[in-house]
Amino acid sequence: MQIKSFEEYQKTYQYSVDYPEQFWEGIANNFQWKKKWNKVLSWNFSEPNIKWFEGAKLNITENCLDRHLAENGDKPAIIWEPNDPQKESVTLSYKILHEQVCRFGNVLKKNGVKKGDRVCIYMPMVPELAVAVLACARIGAVHSVVFGGFSAKSIADRINDAECKVVITADGAFRGSKQIQLKEVIDDALIGCPTVERVIVLTHTRMAVSMLKGRDVWWEDEIKLVDTNCPAEEMDAEDLLFILYTSGSTGKPKGVVHTIGGYMVYAGYTFSNVFNYQPDEVFFCTADIGWITGHSYIVYGPLSQGATTLMFEGIPTYPDASRMWQVVEKHKVNILYTAPTAIRSLMSFGEEPLNGVDLSSLRVLGSVGEPINEEAWHWFDENIGKSKCPIVDTWWQTETGGIMISPIAFVTPTKPSFATLPLPGIQPILVDEQGNEIEGNGVNGNLCIKFPWPGMLRTTYGDHERCKLTYFSTYKDLYFTGDGCLRDEDGYYRITGRVDDVINVSGHRIGTAEVENAINMHAGVVESAVVGYPHDVKGQGIYAFVINPNVHNDEDLTKKDILQTVTRVIGAIAKPDKILFVSGLPKTRSGKIMRRILRKIAEGDTSNLGDVSTLLDPTVVTEIVEKAGQLK
Ligand code: 6R9
């Protein structure tokens, strides 16, 4: 499956465009199916209706576990590095992981989970999280992992949207020097979740929890009551594998749906190729499994290829800024896949944390989640890769299931801050606002994809119309990514950022409308408008303009209250970096907030605000500019 030269890439790419079905069929043959497909692909982007490997039967865990047992049963599947460097790391071989997944699959069955049921997982980055995910897949249940930083309300919304029957959680999580309550947050969430019948709780931090009789059970007790014989459920290629919620332009997160066969093929193929994974290498993706990057490149991609995947519970700066490099040295990491925000944050500590750390095991570096600026790219290249590791700047999305535009390590010549070229099977096009294709090189446009690929989303859970509206209606017969993009003179792609109302904070997508809704829940707030602005470490920060007539003299306290409200409603990740109290917002006569103006003000670029003549009351702009200038 691995492409070895640039010439081979070009040939393969052309073949994949000319004969997409034959191309993907060839890739799919590298996986294990209980029964092969009747048809490789049927599709239209108008409904949309996309089916890959129709009629095929499989279980993804047989591909991720069983098929490696005979030859690689003792090979490490997961290496777990705890938050506290003094604690022992844990290695699970393929044999042990298989056993644990089977055992926990039986726990789920014993607790009433059946094929097709949805299970919410809200856990720290511990091996049991991967076990829980795979156990769902083993028995044909659909997992919905919710990142440990989301609030009770966000969890409740997600649980209710998917009508989850069971929740898997832990007492708490360690994050740097902090301990975070998880079970308590779940308890708050479940007050409003009638579909949840059972909560399975893993002991991790040993913090006090309350266990509800008849609903809550301990992971440790349950696994003692079952055996390890759990046959892999026979699934349809187009059965649901998971739901993962992501923010869009509207206030409500969407449950992006991925199905089993296509997702597996795509995650496995892209993992093997982009990173040039070699047998016995250690792959370290620093994401959390609560995000798509963790799903595809901590769990499914690496395990489907029999790789060793490293799971890190902690954060790059605990106990100090050398931690990530210590982890690389300790586990002799060969491939490091991380985010620009982490690189920029570690870069700010200078080279000192690198002194005496042996990074010579590194062979390939990867970046994901947001545009990587040239400075961070070069720092990563020189100080971490010692100018000998290719950097793969991988562009993709929750909706795409896997990497779409990216260099292939040792194959594609790289260029700082460019995601370079589409992977085989991916057909990007740039369009103008009207949807006309912008041809040629040296052009800018909105990034769309014109042909299906196996890893693409199939629907948004419980609301197919929303999927159609969000992704397939902006431009006819195209999948719209929401990103702006440059194609330079060499035909290389550089993603310039979101063109919709989504802010990318440290690689996490936050919808402006979601944050506004949360701020507006605060009793004193009349209205608010939220925009992104350039932030040195996070890429983008959140800037909130808030109308609050009751501020009087204690603005600071009100700000704290608003931050508290946002944390309660969404989670700490959505807290605005800046709050500016204003008496009005720039609105058009039809009542639409002109975010373009607010964005400029937030960027500190007030010299040319453009045409304000269509505003209902142009004087508000003067006031906002003045106040913004005084904000720290
Ligand atoms: C995998 C992931 C998707 C959005 C995407 C884009 C941004 C991701 C990028 C990148 C520039 C890259 N993005 N990778 N921008 N260069 N290499 O991050 O999924 O959380 O859904 O975010 O992230 O704006 O549209 P997700």
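Residues numbered from 1 in each chain as written. Predicted model: local features only at pLDDT ≥ 70, side-chain atom pairs only at ≥ 80, totals over all residues. Heavy atoms only, no water.

Novice: Residues and numbers for the site of the ligand, please.
Specialist: Around the ligand, a shell composed of 17 residues is seen, among which Asp393, Thr398, Asp483, Arg498 and Arg509 lie nearest. Backbone polar atom of Pro371 to a nitrogen atom of the ligand: 3.4 Å apart, as the coordinates give it. In this structure, an oxygen atom belonging to the ligand sits 2.8 Å away from a side-chain N or O atom of Arg509. Within the complex, the protein chains bury 96% of what would otherwise be the 530 Å² of accessible surface of the ligand. For the shell around the ligand, the secondary-structure elements that each account for two or more residues are helix 10 (292-304), strand 20 (391-394) and strand 25 (493-498). Classifying every residue of the shell around the ligand gives six nonpolar, six polar and five charged. (Near = heavy atom within 4 Å. Polar contact = N/O pair within 3.5 Å; in protein donor to acceptor, adjacent residues only side chain to side chain. Areas by Shrake-Rupley, 256 points an atom, 1.4 Å probe, with all protein chains shown as cover. Helix = DSSP H or I, 4+ residues; strand = E, 2+ residues; numbered from the N terminus. Nonpolar A, V, L, I, M, F, W, Y, C, P; charged D, E, K, R; others polar.)

Novice: Which residues make up helix 18 (residues 619-630), and what are the values?
Specialist: Taking 1.5 Å per residue as the helical rise, helix 18 with its 12 residues ought to reach 16 Å, and the 18 Å between its terminal C-alpha atoms agrees with that figure. By the burial criterion, the buried members of helix 18 are Val620, Val621, Glu623, Ile624 and Ala628. Buried positions in helix 18, seen along its axis, are confined to an arc of 160 degrees and lie on one side of it. Turned more than 90 degrees away from the buried face of helix 18 sit Thr619, Thr622, Glu626, Gly629 and Gln630, all of them exposed. Elements that come into contact with the buried residues of helix 18 comprise strand 29 (539-547), strand 30 (578-582) and helix 17 (595-603). (Expected span 1.5 Å × (residues − 1). Buried < 20%, exposed > 50% of the residue type's maximum accessible area, 1.4 Å probe, protein only. Arc of directions from axis to C-beta. Contact = heavy atoms within 4.5 Å.)

Novice: Explain the sheet that holds strand 5 (residues 90-93) to me, and be specific about the residues and the numbers.
Specialist: Strand order in the open sheet made by the seven strands is 5-4-17-16-18-19-20, with mixed pairing throughout. Edge strands, defined here as strands with exactly one partner in the open sheet, are strand 5 and strand 20. Going from strand to strand, the sheet's axes swing by 20 degrees on average, the running direction of each strand aside. Sheet topology places strand 4 (residues 76-81) next to strand 5; four bridges connect them, and they run antiparallel. Within the sheet, the bridge partner assigned to Ile79 lies in strand 5 and is Thr91. Along the sheet, helix 5 (residues 127-139) contacts strand 4, strand 5 and strand 17 (308-312); its crossing angle with strand 17, the most-contacted strand, is approximately 120 degrees. (Pairing = 2+ DSSP bridges. Axes fitted to C-alpha atoms, helices over the stretch in contact; angles between N-to-C directions.)

Novice: For the sheet that holds strand 15 (residues 254-259), give the residues involved together with the corresponding values.
Specialist: As summarised here, the arrangement of the eight strands in space is 12-11-8-6-7-14-15-23, forming an open sheet in which the pairing is mixed. Unpaired on one side and paired on the other, strand 12 (216-218) and strand 23 (459-460) mark the two borders of the sheet. Sheet topology places strand 14 (residues 240-246) next to strand 15; six bridges connect them, and they run antiparallel. In the sheet register, Phe242 faces strand 15, and the bridge partner there is His258. Across the sheet, helix 9 (residues 260-274) touches strand 14 and strand 15, and the angle it forms with strand 15 is around 80 degrees.

Novice: So, the side chain of Thr61: which residues are in play, and what are the values?
Specialist: Relative to the assigned elements, Thr61 resides in helix 3 (residues 60-72). Judged by relative accessible area, Thr61 falls into the buried class, the value being 0%. Within the structure, Thr61 has its side chain in polar contact with the side chain of Arg138 (distance 2.9 Å). Those residues in contact with Thr61, other than ones at most four positions away along the chain, are Asp66, Leu134, Ala137, Arg138 and Ala232.

Novice: Give a detailed account of the pairing of strand 6 (residues 118-122), specifying residues and quantitative values.
Specialist: Judged by how many residues are buried, strand 6 sits mostly within the fold: five of five residues are covered. Alternating positions in strand 6 separate into two faces, Arg118, Cys120 and Tyr122 on one and Val119 and Ile121 on the other, with burial throughout. A crossover connection joins strand 6 to the parallel strand 7 (residues 142-145) through helix 5; in handedness this β-α-β unit is right-handed. Bridging between strand 6 and strand 8 (residues 166-170) involves four bridges; their strand directions are parallel. By the bridge assignment, Val119 is partnered in strand 8 with Val166. (Right-handed = clockwise from strand over helix to strand, strands pointing away.)

Novice: Which residues make up unusual backbone geometry, and what values go with them?
Specialist: The amide bond that connects Glu47 to the next residue, Pro48, takes the cis arrangement and shows omega of -10 degrees. At Phe53, a residue that is not glycine, the phi angle is positive and equals roughly 55 degrees. Structurally, Phe53 can be placed in strand 2 (residues 49-54). One non-glycine residue with positive phi stands out, namely Ser387, at about 55 degrees. Structurally, Ser387 can be placed in the loop between helix 13 (374-384) and strand 20.

Novice: Please set out the packing of helix 6 (residues 152-162) against helix 7 (residues 183-190) residue by residue, giving values where relevant.
Specialist: The description of two helices packed together rests on the angle between their axes and the distance between the axes. Direction vectors running N to C along helix 6 and helix 7 enclose 55 degrees, while the axes themselves pass 8 Å from each other. Here helix 6 is positioned oblique relative to helix 7, judged by the angle of their axes. Two packed elements cross with a definite hand, and for helix 6 against helix 7 that hand is right-handed. Between helix 6 and helix 7, the contacting residues are Ala152, Ile155, Ala156 and Ile159 on the first element and Val185, Ile186, Asp188, Ala189 and Leu190 on the second. Of the residues that constitute the contact of helix 6 with helix 7, the class distribution is eight nonpolar, no polar and one charged. (Parallel < 35°, antiparallel > 145°, perpendicular 65-115°, else oblique. Left-handed = near helix turned anticlockwise from the far one by under 90°.)

Novice: Outline the environment of Lys87, listing residues and values.
Specialist: Here Lys87 is to be found in the loop between strand 4 and strand 5. Spatially, the C-alpha atoms of Lys87 and Pro549 are 52 Å apart, while their sequence positions differ by 462 residues. Once you skip the residues sitting within four places of it in the chain, Lys87 turns out to touch Pro82 and Phe174.

Novice: Describe the packing of aromatic side chains, with residues and values.
Specialist: Enumeration according to the criterion identifies 38 aromatic pairs in this entry. With 6.4 Å between their ring centres and 80 degrees between their planes, Trp24 and Trp52 make a pair best called edge-to-face. One end of the pair, Trp24, is in helix 2 (residues 20-28); the other, Trp52, is in strand 2, and 28 residues separate them in sequence. Given a relative accessible area of 0%, Trp24 falls into the buried group. Arranged with centres 5.2 Å apart and planes meeting at 85 degrees, the rings of Tyr475 and Phe480 form a pair that is edge-to-face. Judged by its relative accessible area of 4%, Tyr475 falls in the buried class. With relative accessibility at 11%, the residue Phe480 sits in the buried group. These aromatic residues form a ring-pair network of at least three members: Phe23, Trp24, Trp33, Trp37, Trp52, Phe53, Tyr266 and Tyr269. The positively charged end of Arg158 is found above the aromatic ring belonging to Phe150, 4.4 Å away from the centroid. (Phe/Tyr/Trp six-rings, centres within 6.5 Å; stacked < 30°, edge-to-face > 60°. Lys NZ or Arg CZ within 6 Å of the ring centre and 35° of its normal.)

Geometry only, nothing functional implied.
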